[in-house]
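Examining the three-dimensional arrangement
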Amino acid sequence: MSTSSATQGGFYSRIGIQGVTLVLFAGSIASYFLFPEHLALLTQLFVLMVFALSYDLLQGHGGIVSLGHAAFFGLGAYAAAILARTGYNDPLLGLVFAAIVSALVALVLTPIIVRGNDFTRLLVTLGVASLVYEAANRMRWLTGGADGLPDFEIAPLLGLYRFDFEGRTAFIYSFAVFALTYMFLWRVVTSPFGLALRGIRENARRMPAIGSPVRRHLAVAYTLSGGVAGIAGAVLAQTSRFASLDMLGFDRSAEIMMVATLGGSGHMVGVSVGAAAFGWLKDVLSTVSPKYWQLGLGIVLMLSVFVARGGIGSLLDRLRFRRSA
Amino acid sequence: MLLEIEGLTAGYGDAVILEDLSVSIDEGKGLAVLGRNGVGKTTLIRAIMGHTRQFAGRMKWKGEDFSSVPAPDRVALGIGWVPQERDIFRSLTVEENLLVAQRPGRFNLDSAYELFPRLKERRRNLGDRLSGGEQQMLAIGRALMTNPVLVLFDEPFEGLAPVIVEQLEHAIKKLRSEFGFAFIIVEQHAQDALALSDHAIVLDRGKIVHSGTASELLADFDKTKSLIAV
C-alpha cells in the first residue's frame, strides 16, 4: 500500500492525533474538570465542532459552498427525536439512523449540487434548506411544527450510563462522537480521495487528466458531509431532548459558514477550535448583553479578518513554524 | 495494435483542428509528433484524452472503439497524460501530488522516487515551490502513478535547461526498458523527440504531411527540418 506522509508513522499519527491535535483533545478532556458547572455548554460546543467538521469537508476540502448545511443537521436532529419517540431510544441507534437519513437526503440532492458553479450552489442549497424547513414546519403530525418535538426519552448510553441531570454522560457522549468523527474525517481527507478533493478545489478542470471523476468525488463528499452533519444534529437532539425548527434554519447554516471562516477553512484543528471559540463567545456575549450580543459577535468576526487572515488554523500553523524554527 | 486512430476529425466548438487523421501505435513503441506551432499536435493528444469535440472517425484501444468513453475513464483504460501546462497542484505537497493520481499497478511511489531522486528530496515541498524541471518530473511521475500502458507527453522539454532535458530523456528511456510502455511525444525540439521514438509523423494544418521511421527522419535531418518548416 501507499506510504503517504500522513499514513506513515505510528498509530496515533495515522488517526491524526499529533502535535496541535493532541493539545485540542487534551484540552477537550480537561474542560470536563476545569468547568464542571458548564457541561451543558461544553456538550453544545462539541456538537458545533462536529457540525463544523462536516461543513469543512464540503467547503474546506471539496470547495463546495453551501448556504443550507443546517438542513442536514436538522434532519439528523428530527430523525433521532422521531426514532426515540417510537420507542427505539438507544442513543447509538439514533445516531446511526440520523446519519443514514441525512446522508440519503444528501445523496438524492447530489445531482443538482455537483453540476453548476459556486453561485448556483449557493442558491440551490439555500433553496433546498428552505424547502426542508417549510416541510418540517407543515408536517406537524411528525415534527410538532413550530412547537418542536419535546417529550422523548433517551435510553442509557451502552445500556449503562443514564443521561444525568448534570450532563456528565452527555459531555462524554458528545466528546466521544467528536473525537471519533475527527479521526474518521482525518483518515478521509488524507486518503487519495481526500487529496483528490483538494485537487478538485484547486483545479477541477484538470482532474480528469489523472483519471479522477470530479462529479463522483463531489457527490461522495456531499453525502458524507450530510451524514456527519446529521450525526451532529442527532447528538444535540438527544442530549437536549428536543428537536426544533431552528436546528434546520438559515441562521444555523450561516453560522457554520462563519465558524469555518473563523477557524480557517480546510484546517481541521483550526475549524474545531474555531467552532469552540465561536460557541463560547456567543454564550458569553449573550450573557453580557442578551440584546446586543450579535453586535459583539460581528465585531469579533470582522476583527478576525485583520488579525487572523486564514483563520485560527493559519495562526496555529504560524505558531508551530515559529517554535520549530 | 494498442491504439488505432482512423479518419479522426476533431476540434473545439465548431472549429475543426484535425482533419481525417489516421495513425496507430503498437505496444511498447514510441511515436513522435512533429510540426510547427498551432498545427494540431496538442489537439491530437487532447482528442485521445477525450477533451475535444470529435466530429468523425474512430479511435480504437486494443481493437475496441473508445470514442464515447468519458475523459476520466480513459485513464483507467491505461492512457497517461503529461500536459503541457504541467498542472501541478500547488496546494498539495510533491508526495500528495503523486498519491492523488495513484492507481494500482507496478509503478508506485517508490518507483517515482527511484526514477527522480530529486522528488524524494522535495517530497514535503508544496507544488508551488518547485523549479520548472522539478515540476516536469512531478508531472511525469504523476502520470505514471496511474500505471498507464501509453503515455502522452505534451512538450515535456519546453523551457527547460539542456541538462534537465537530458535527465528527462534518460528517465524516459529507462522507463521504457523497465516498464515497457508505449508513448506519444509532441515536441518542438524534433531531434530530441526523434532520438527517443521509433516512428514519427509530421503535422501541418491538422493533417499528416509525412510519416516514417524516426531513424530515417533523423538521418536526413535537413529534409526533416524543411518538412516541419513548410
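As the structure is a computational prediction, the values presented were derived from the model and not from experiment.

Residue and element names in this part refer to chain B. Within strand β3 (residues 30-34), 5 of the 5 residues are buried, leaving the element largely enclosed by the surrounding structure. Where β3 and strand β8 (residues 182-186) come together, 4 bridges link them in parallel fashion. Within the sheet, the bridge partner assigned to A32 lies in β8 and is I185.

Residues and elements named next belong to chain B. Here we have 4 strands laid out as an open sheet, ordered β2-β1-β4-β5, and antiparallel in their pairing. Every interior strand has two partners, whereas the edge strands, β2 (15-25) and β5 (64-65), have only one. Of the pairings in the sheet, the one linking strand β1 (residues 3-12) to strand β4 (residues 53-61) comprises 7 bridges and is antiparallel in character. Looking at β4, one finds that I5 is bridged to M59. Against the sheet, helix α1 (residues 41-49) makes contact with β1, β2 and β4, and its axis sits at roughly 110° relative to β1, the strand it touches most.

Before going further, it helps to examine the interface of chain A and chain B. Contacts between the two partners involve 20 residues from chain A, matched on the other side by 27 residues from chain B. Applying the counting rule to chain A against chain B returns 1 salt bridge. E96 of chain B serves as the salt-bridge partner of R198 of chain A, at 3.1 Å between the closest nitrogen and oxygen. The interface formed by chain A and chain B contains 3 residue pairs in polar contact (both at pLDDT 80 or more). Here the residues of the side of chain A that touches chain B are counted per class, giving 8 nonpolar, 9 polar and 3 charged.

So, on to the side chain of T181 of chain A. Residue and element names in this part refer to chain A. Structurally, T181 is set in helix α8 (residues 168-190). In this structure T181 comes out as buried when scored by relative accessible area, which is 8%. Ignoring sequence-local partners within four residues, the contact set of T181 consists of V50 and V228.

The subject of this paragraph is the layout of surface pockets. Residue and element names in this part refer to chain A. Taken as a whole, the second largest pocket encloses approximately 710 Å³ of empty space. Around the second largest pocket, the lining is made up of 26 residues, and of these D246, R252, E255, K282 and W293 lie nearest the centre. Every element with two or more residues in the lining of the second largest pocket is listed here: α3 (39-61), α11 (250-263), α12 (268-288) and α13 (293-307). A total of 6 residues in the lining of the second largest pocket trace back to one element, the largest contributor, which is α3. Tallied by class, the residues present in the lining of the second largest pocket amount to 14 nonpolar, 6 polar and 6 charged.

A separate point is the side chain of S212 of chain A. Structurally, the position occupied by S212 of chain A is in the loop between α9 (192-203) and α10 (214-240). A polar side-chain atom of S212 of chain A sits 3.2 Å from a polar atom in the side chain of H217 of chain A. Residues contacting S212 of chain A, with those up to four places away along its chain left out, are A196, M207 and H217 of chain A together with P72 of chain B.

Residues and elements named next belong to chain A. At their nearest, the axes of α3 and α10 sit 8 Å apart, and the two run at 170° to each other. By the angle between their axes, α3 is roughly antiparallel relative to α10. Across from T43, Q44, V47, V50, F51, S54, Y55, L57 and L58 in α3, the residues of α10 making contact are A221, Y222, L224, S225, V228, A229, A232, V235, L236 and T239. For the contact of α3 with α10, the class distribution of residues is 14 nonpolar, 5 polar and no charged.

Moving on, we get to the pairing of β4 of chain B. Inspection of the sheet shows β4 of chain B paired to β5 of chain B by 2 bridges, in the antiparallel sense. Residue K60 of chain B lies in a different strand from β5 of chain B, and its bridge partner there is D65 of chain B.

Right, let's get into the confidence of the model for chain B. Keep in mind that low pLDDT regions are not for reading the predicted coordinates in detail. Residue and element names in this part refer to chain B. On average, residues of chain B score 90 in pLDDT, and 100% of them are at 70 or above. Of all helices and strands in chain B, the one with the weakest mean pLDDT is helix α10 (residues 221-228) (83), whereas strand β7 (residues 150-154) scores best (94). Across the predicted assembly, pTM comes out at 0.83 and ipTM at 0.76.

Time to look at the packing of aromatic side chains. Overall, the coordinates contain 12 aromatic pairs over all chains when judged by the stated rule. Between F51 of chain A and F73 of chain A the ring centres are 4.6 Å apart and the planes differ by 40°, which places this aromatic pair in the tilted class. A residue pair is termed long-range when its members are at least 10 positions apart, and F51 of chain A in helix α3 and F73 of chain A in helix α4 (residues 70-85) qualify at 22 residues. Owing to a relative accessible area of 1%, F51 of chain A belongs among the buried residues under this scheme. On the basis of relative accessibility, which here comes to 1%, the residue F73 of chain A falls in the buried class. When the ring of F153 of chain B is compared with that of F183 of chain B, the centres are 6.0 Å apart and the planes differ by 70°; the resulting orientation is edge-to-face. Pair noted here: F153 of chain B is in strand β7 and F183 of chain B is in strand β8, with a separation of 30 residues, a long-range link. Each residue in the set F25, F46, F171, F175, F178 and Y182 of chain A is aromatic and connected to the rest through ring pairs, giving one cluster.

Criteria and cut-off values
- Residues numbered from 1 in each chain as written.
- Chains lettered and ligands numbered in written order.
- Predicted model: local features only at pLDDT ≥ 70, side-chain atom pairs only at ≥ 80, totals over all residues.
- Heavy atoms only, no water.
- Buried < 20%, exposed > 50% of the residue type's maximum accessible area, 1.4 Å probe, protein only.
- Helix = DSSP H or I, 4+ residues; strand = E, 2+ residues; numbered from the N terminus.
- Pairing = 2+ DSSP bridges.
- Contact = heavy atoms within 4.5 Å.
- Axes fitted to C-alpha atoms, helices over the stretch in contact; angles between N-to-C directions.
- Salt bridge = Lys/Arg side-chain N within 4 Å of Asp/Glu carboxyl O.
- Polar contact = N/O pair within 3.5 Å; in protein donor to acceptor, adjacent residues only side chain to side chain.
- Nonpolar A, V, L, I, M, F, W, Y, C, P; charged D, E, K, R; others polar.
- 1 Å grid on protein atoms, 1.4 Å probe; cavity = no way out; pocket = protein on both sides within 12 Å on 5 of 7 lines; lining within 4 Å.
- Points joined across faces, edges and corners; volume = space filled by probe spheres on them.
- Parallel < 35°, antiparallel > 145°, perpendicular 65-115°, else oblique.
- pLDDT = per-residue confidence, 0-100.
- Phe/Tyr/Trp six-rings, centres within 6.5 Å; stacked < 30°, edge-to-face > 60°.

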